[in-house]
Amino acid sequence: MSDNDIFEMDSVCETDELEGETDVGIIDEEVVYPEFLPIYHSFEDGTIVAKAHLVEFNNKPDSLFFNDGVRRIDFILVYEDEDKKDFEKRHTFQRYKRRRETFEASLMKMGMELEATQSVTDEKLMFLKVHMPWDTLCTYAEVLHIKLPIQPNDLSSRPSPWRFFSCITKHFYPNEELITKEAEFFTAPFEKKRLEYFHVRDKDVFFTAAMRSRMAYYILSRAPYEIRGNIKKFGVTKLLDAGVYKAAYPLHDCRFNVKSQEEGCPNERYLLYEEWAHPKSFYKMQPLNLIRKYYGEKVGIYFAWLGFYTRMLALAAVVGLCCFIYGYTTQETSTWSKEVCDPEIGGKIVMCPQCDRECKYWTLDSTCEASKKLCIFDNFGTLVFAVFMSVWVTLFLEFWKRYQAELEYTWDTVEFLEQEELPRPEYEAKCIYERKNPVTGIKENVPYTACGRCVRVSIGIGTVLFWILLIIASIVAIIVYRLAAFFAFSTKLRSQDLKELQTLKEYVTPQMATSVTASLISFVIIMILNILYERVAIWITDFELPRTKTDYENSLTMKMFLFQFVNYYSSCFYIAFAKGKAVGYPGDPAYLLGKYRNEECDPGGCLIELTTQLSIIMGGKAILNNIQEVLLPWVKNLIFRYCTSAASEKLIPRWEQDYQLQALTKLGLFYEYLEMVIQFGFVTLFVASFPLAPVLALVNNIFEIRVDAWKITTQFRRIVPEKAQDIGAWQPILQGIAILAVATNAMIIAFTSDMIPRLVYYWSFSVYPYGDHSNNTMQGYINSSLSIFNIADFSNNSKPMSTPYNITTCRYRDFRNPPGHPRQYQYNVYYWHVIAAKMAFIIVVEHIVYLTKFILSYVIPDVPYAVKEQIKREKYLTQVILHETNLKLVTRRLKPFDDGTLTRTEVNLTQEEMELDF
C-alpha cells in the first residue's frame, strides 16, 4: 500500500460516486477485476471473483443453518436483486451490483462462507447468509482479544445472606428450571497456538452466538468493495447508507413467544421473553447473565445499571413518600397557613397589585388553598429528606462501583483496555497523515494533524455553545411570556372591588395559571429543541472523528447531556433561584428589558411553582417516551407486515421474520441512558421541592425495564453484540450531578422555600426584643413577613387604574421598613438576619454533607475483596499457562546426548511457535 492511498467510507457522497467511472469493470457471470487493494487482503491482477452460492429455501422456518444443516448462520445481509430493477435505472443498479459482488468476494477471501436465498414474500429480495468457519473464528477471536475459558473456577463463592429465605425469594427470581445457572470458568485472551490450554468441549458452542456475530460484524465493517484511483472504499456501513444492502443483522434464535422446533436450539429469546420481557414478570429480578450472553456486555451492563438504580430508588421512594405523608397530614395544623386562611387575618390583609396599571388589589386569603399545598412540600421533613438524598446518591454511586466490579469480573471485561479496542472504520478510512506514536515509538497513520484536530474540536465547542445560547434565548422568551401571561391572568382573575376580592375559582390563582401554562409551553419547546439538536450533535461528533467507538460515544454523550442539562433544567433553575429575587417594591418595581415587570412569588414563596414545573416535565417526558418506545415500533412492524402481505410467521424463514422487525438506531442504548440520567437529575437536583420525585421515578423505572426488554426482544432485530466494561461517560456525569445536588438542594431550602425565614422568626423575632410573645411561636409570622406600602407612593406608571375605598396601604412580600420610617422601604433588620441565617445554613449543610460523602467514598471499597481474590487467581493461572507453553517450546528445541550434554536440534519451527508473547 502506498503512502498516498486513502481509505474511504463516508467522505464521498453518493451523487459524486455515480458521476464518474471507476476502475472496476463491467459485471458478468464470471468477472475478472483489475488490481484491488483492500485493507487486509488484496486481489491479484486477473483474479476471478467468487460469488455466493444460490439455494432455494428448504422449508425449515426455524432453521439457523445453511441448507446443509451444518454451517451456522452468523449474520444476514439483505439486498434487492439488481437485475429485477427498473430498466431506466439499470446503470445505477449495475454499479451497486459490482460493489456488492466485490464486497462479497472480499468476505470470502477473508475467510467467510456465503449462501444466498430468495425471499418467499418478495421475489426481488435476496437474503445473504454469512458463516464463519472454525479457523476464521479462532483468528478473529485472537484479533479481538476475546477471553475464553481455560479452567473451571475452583474458588468457593460467598453464600448469599438471603439463602435462609429462599422459599420466599425464589419467587422473585427467574425460573431456575428454565434459565439454568452456567458453570464459572477462569478465562484468558484467546490464542490459536495455545488452543490446547482452553476448555474446548464442543467446537460448535465454544464461541457463543454473540461472539460469532461480533466477529462477523468486525469483518463486515472492514471488507473492501471498490477502488477509485488511490481511494479505497470499504465497510458494510457505507453500503447500507448507499442502498446497496437494505439491512444487516444477526439472527434471533427463535420466535419470542413460541419455542423453536429445531433440535438443539437454545430458545434464549423465548426464555428472555417469558422470564424477563413479559409483563407478568415485572416483579422478578433480571436474568443478567442470559441478557449478556444473548445481546452482549453493552446491553447487559445497561440493564444491570437500570435494575440497580431502580432497587436503590425503592429506599428513596419510601422515605420520600413518608415525607409527603407527613406534610399532607400536618398541612391543617400549620400556624402560618391557618393565618393565611383565617378571614380575620388573611381576609383583612390587602395585597398590592403584582403588575402595573391593570392589576387589582387582592386579599391574602385568596391563596389559602395554595398555602395548604405548600405546607405539604415546605416543611421540616423536606429538609431531612434533602440531606438523606445527598447521602443516598453517594451510597448509590459507591455500591454501583462495587456491583460493576463484580460484573466486570464475571463478564470478562476487567482488562478491557483502550488499546484493545480497535479503531472505528470511519477513523481508519481517513488516516492519511503519519505520526510517531508517543507510547510505542512506532509510526502510525492518523486522520488529522494536531492543528487539524484543534480546529475540529473548536468548531464542535463553538456549535455546542451556540445551541446553548439558543436555549437560553428560548428561556428568556418563556420568561417574557410568563410576565405577559401573569398580567393577563391577574386582570381576569382578580375582582373589581373590595367586597369581591376573591379568585374566580378556589384552586386557581394568577401565579398557578401562569406557572402551569408556561410549564406546558416550556415542555413543548424542550421536545422540539431535542429533535433539532440531536442531528447537530451527531454531525459535530462525526466531524471530530473520534478514534474508537467508545471515544465516539463519550464525546456524543458529553455534548448531548450538556445540551439536555440546559434544556431540561434551565426553567427549573429560573424558578428556584431567579424568580421573585429581584422585583423591587411596589413604588419602584424592577423591569425586564425595560418593559416587563419582573415576576413575584406567592406570599408563601416559589416552591409550589417549582413543584408544578417538575411534575409536568417529569410526567410529560415519561408519558411521551413510553409512547415512542412502545407504540411506534409496534405500529411500524404492523404496517411493514401488512405491506409485505406476510400472513403468518410460520410461512417464512427465520431470517425473513427478523427482517420484518425494526432496526436499532446507530446510537443504540444512548437514548435509554440519556432518559434515565435526566431523570436522575430531577430526582436529585430538585428533590427538596418535590419529595415524590423518587416515587414517580421508581414507578416509571419498573415499567421502563420491562418496556425496554419487551422492545428489544419482540420489536427489534437482534442487536450486534458489543463489549463494554462500564457505563462509560455516564459515570462521571452521575458523579457531577451528585456533587451539584448538594448545593442545589441547600440553596432551594435557603432561597426558594420559606423555611429559614420561619425559623428566624420562631427563634428570634417572635420573642423579646423584636416580638411581643413571651414564648417562641409561629403566631404573627404572616404579618411579620409582609411589608407595608403606602398606596400614595405609587408611581404614575405602576399605579392601579382603580383603587377601592378606605384603603390607604397594601402589603407585599419582602422585609422592608414601613412608610414614615427614617429609612422607609429599605431592608430592615429582619432581612439581614434572614440573609445571615441562609448563608450559614448553606455553608454548614454543604460541609456536613460533603464530609459525609467523602467518608463514605473512602470507607466503601470500589472492588469487593472476593472479586480481588478471583482476579489474582485468574492472573496466576494465566502466568502458569504462559510458563508451561514457553517451557514446551524450549524443550522441543533441545535434545540430550549420551554424555549428558545438551545440544541444539535442528527443528523447523513456525514463526507462530517462536512467538512467546501471551
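Residues numbered from 1 in each chain as written. Predicted model: local features only at pLDDT ≥ 70, side-chain atom pairs only at ≥ 80, totals over all residues. Heavy atoms only, no water.

- By the naming in an unreviewed UniProt entry, the protein is Anoctamin, taken from Sander lucioperca.

**Points about the overall build of the protein**
Stage number 1. When helices and strands are counted, the protein shows 27 helices and 22 strands.
Stage number 2. Counting the 918 residues in the protein, one finds 52% classified as buried.
Stage number 3. For the protein, contacts bridging at least 24 residues in sequence account for 76% of all contacts bridging at least 6.
Stage number 4. Accessible area for the protein stands at about 43,400 Å²; split by element, carbon and sulfur atoms hold 59% of it. (Helix = DSSP H or I, 4+ residues; strand = E, 2+ residues; numbered from the N terminus. Buried < 20%, exposed > 50% of the residue type's maximum accessible area, 1.4 Å probe, protein only. Contact = heavy atoms within 4.5 Å. Areas by Shrake-Rupley, 256 points an atom, 1.4 Å probe, with all protein chains shown as cover.)

**Some thoughts on the packing of helix α17 (residues 549-577) against helix α20 (residues 670-685)**
Pairs of packed helices are described in terms of their axes, by the angle between the two and the distance that separates them.
Stage number 1. In contact at an axis separation of 11 Å, α17 and α20 are set at 40° when each is read in the N-to-C sense. Judged by the angle between their axes, α17 and α20 are oblique. The chirality of how α17 crosses α20 is right-handed. For the pair α17 and α20, the contacting residues are L556, T557, M560, F561, Q564, F565, Y568, Y569 and C572 in the first and F670, Y671, L674, V677, I678, G681, F682 and L685 in the second.
Stage number 2. Of the residues contributing to the contact of α17 with α20, the split by class is 14 nonpolar, three polar and no charged. (Axes fitted to C-alpha atoms, helices over the stretch in contact; angles between N-to-C directions. Parallel < 35°, antiparallel > 145°, perpendicular 65-115°, else oblique. Left-handed = near helix turned anticlockwise from the far one by under 90°. Nonpolar A, V, L, I, M, F, W, Y, C, P; charged D, E, K, R; others polar.)

**A few points about the pattern of salt bridges**
Stage number 1. This model, assessed by the stated rule, comprises 30 salt bridges.
Stage number 2. Note that E609 and K579 form a salt bridge whose closest N and O atoms lie 2.2 Å from each other. Highlighted residues: E609 in helix α18 (residues 607-643) and K579 in the loop between α17 and β15 (584-585), separated in sequence by 30 residues.
Stage number 3. D814 serves as the salt-bridge partner of R816, at 2.9 Å between the closest nitrogen and oxygen.
Stage number 4. Among the residues examined, R816 registers a relative accessible area of 11% and is labelled buried.
Stage number 5. You can call D814 buried: its relative accessible area is 15%. (Salt bridge = Lys/Arg side-chain N within 4 Å of Asp/Glu carboxyl O.)

**Overview of the sheet that holds strand β5 (residues 125-131)**
Stage number 1. As summarised here, the arrangement of the five strands in space is β2-β4-β5-β3-β10, forming an open sheet in which the pairing is mixed. Both edges of this open sheet fall to β2 (53-55) and β10 (247-249), since each of them pairs with a single strand only. Ignoring which end each strand starts from, the neighbouring axes of this sheet average 25° apart.
Stage number 2. The strands that helix α6 (residues 209-220) touches are β3 (75-80) and β5; relative to β3, the one it contacts most, it runs at about 45°. (Pairing = 2+ DSSP bridges.)

**Quick look at the state of the cysteines**
Stage number 1. Summed over the entire model, instances satisfying the criterion amount to three disulfides.
Stage number 2. One disulfide bridge connects C352 with C810, the sulfur atoms lying 1.8 Å from each other. The sign of the S-S torsion, about 90°, decides the handedness of the disulfide formed by C352 and C810: right-handed. Of the two residues, C352 is situated in the loop between β11 (350-351) and β12 (362-363) and C810 in strand β20 (residues 809-813); the sequence distance between them amounts to 458 residues. For the pair formed by C352 and C810, the shared burial category is buried.
Stage number 3. In this structure C451 is a free cysteine whose sulfur lies 6.5 Å from that of C454, the closest cysteine sulfur available. (Disulfide = S-S within 2.5 Å.)

**Focus on the nonpolar core**
Stage number 1. Membership of the largest hydrophobic core comes to 159 residues, with the highest contact counts inside it found for W305, Y309 and F682.
Stage number 2. For this core, the element with the most residues is helix α10 (residues 297-330), which contributes 14 residues.
Stage number 3. Setting aside its immediate chain neighbours within four residues, F682 contacts Y568, Y569, C572, L614, I617, M618, V687 and A693.
Stage number 4. L114, M215, Y225 and V236 belong to the second largest nonpolar core, which has 48 residues in total. (Core = buried A, V, L, I, M, F, W, Y, C linked by side-chain atoms within 4.5 Å.)

**So, a nonpolar patch on the surface**
Stage number 1. Where nonpolar side chains cluster on the molecular surface, the patch consists of I168, F172, Y173, F282, Y283, V699, I702 and F703 and spans about 790 Å² of accessible area.
Stage number 2. It is helix α21 (residues 693-715) that provides the largest number of residues to the nonpolar patch, a total of three residues.
Stage number 3. By secondary structure assignment, the location of I702 is in helix α21. (Patch = residues over 30% accessible without salt bridge, like charges linked within 9 Å, V, L, I, M, F, W, Y side chains within 5 Å.)

**Side note on the packing of helix α13 (residues 380-410) against helix α25 (residues 829-859)**
Stage number 1. At a closest axis distance of 10 Å, the pairing of α13 and α25 adopts a crossing angle of 25°. When the axis of α13 is compared with that of α25, the two are roughly parallel. Crossing geometry of α13 relative to α25 is assigned as right-handed. Across the interface between the two elements, L383, V387, S390, V391, V393, T394, L395 and E398 of α13 pack against F841, V849, T852, K853, L856 and S857 of α25.

**Observations regarding the UniProt feature "transmembrane region" (unreviewed entry) in the protein**
Stage number 1. UniProt tags residues 302-328, 380-400, 464-489, 509-533, 556-577, 676-699, 733-753 and 830-851 as "transmembrane region" (unreviewed entry).
Stage number 2. The span residues 380-400 is 100% helix and 0% strand, and its two end C-alpha atoms sit 30 Å from each other.
Stage number 3. Annotated as 100% helix and 0% strand, the span residues 464-489 places its first and last C-alpha atoms 37 Å apart. (UniProt positions renumbered as here; feature names shortened; annotations may be inferred.)

**Looking at the environment of D588**
Stage number 1. Counting through the fold element by element, D588 comes out in strand β16 (residues 588-589).
Stage number 2. Take D588: its relative accessible area is 48%, and that puts it in the partly exposed class.
Stage number 3. As a C-alpha pair, D588 and Y825 span 237 residues in sequence and 9.7 Å in three-dimensional space.

**Brief notes about the packing of aromatic side chains**
Stage number 1. By the definition in use, this model includes 62 aromatic pairs.
Stage number 2. The interplanar angle of 85° and the centroid separation of 5.7 Å between the aromatic rings of F282 and Y283 together place this pair among those described as edge-to-face.
Stage number 3. Exposure remark for Y283: the relative accessible area of 39% places this residue in the partly exposed category.
Stage number 4. A ring pair is formed by F789 and Y825, whose centres lie 5.3 Å apart and whose planes are at 40°; its orientation type is tilted. One end of the pair, F789, is in strand β19 (residues 786-790); the other, Y825, is in the loop between β20 and α25, and 36 residues separate them in sequence.
Stage number 5. The class of F789 is buried, set by a relative accessible area of 0%.
Stage number 6. Exposure remark for Y825: the relative accessible area of 5% places this residue in the buried category.
Stage number 7. A cation sits over an aromatic face here: R100 above Y79, 3.9 Å from the ring centre.
Stage number 8. Directly above the ring of F543 sits R456, whose terminal nitrogen or CZ lies 5.0 Å from the centroid. (Phe/Tyr/Trp six-rings, centres within 6.5 Å; stacked < 30°, edge-to-face > 60°. Lys NZ or Arg CZ within 6 Å of the ring centre and 35° of its normal.)

**Description of the side chain of S390**
Stage number 1. Within the secondary structure, S390 is located in helix α13.
Stage number 2. A relative accessible area of 6% places S390 in the buried class.
Stage number 3. Those residues in contact with S390 that sit more than four places away from it in its chain are V742, V849 and K853.

**Considerations on the side chain of R811**
Stage number 1. The residue R811 is located in strand β20 in this model.
Stage number 2. A polar atom in the side chain of R811 sits 3.3 Å from the backbone oxygen of S787.
Stage number 3. Not counting residues up to four positions away in its chain, the partners in contact with R811 are I349, V350, M351, C352, N783, L786, S787 and I788. (Polar contact = N/O pair within 3.5 Å; in protein donor to acceptor, adjacent residues only side chain to side chain.)

**Some thoughts on helix α12 (residues 368-377)**
Stage number 1. Judged by how many residues are buried, α12 sits mostly within the fold: nine of ten residues are covered.
Stage number 2. Every buried residue of α12 is accounted for by C368, E369, A370, S371, K372, L374, C375, I376 and F377.

**Comments concerning helix α8 (residues 268-277)**
Stage number 1. With ten of ten residues buried, α8 is to be regarded as a mostly interior element.
Stage number 2. Those residues of α8 hidden inside the fold are in contact with α9 (288-295), α10, α19 (654-659) and α21.

**A few points about the environment of E297**
Stage number 1. As for its position among the elements, E297 is in helix α10.
Stage number 2. What makes E297 buried here is its relative accessible area of 9%.
Stage number 3. Filtering out sequence-adjacent residues up to four positions away, E297 remains in contact with R292, W411, T413, E722, K723 and A724.

**Quick look at unusual backbone geometry**
Stage number 1. Across the junction of Y768 and P769, the peptide omega takes the value 10°, indicating a cis bond.
Stage number 2. Mapped onto the elements, P769 comes out in the loop between α23 (755-765) and α24 (781-785).
Stage number 3. In the Ramachandran plot, D412 falls in the positive-phi region, its phi being about 60° despite a non-glycine side chain.
Stage number 4. Its location among the elements puts D412 in the loop between α13 and α14 (425-429).
Stage number 5. Since its relative accessible area comes to 11%, D412 is described here as buried.
Stage number 6. With a phi angle near 65°, Y825 is a residue other than glycine that sits in the positive phi range.

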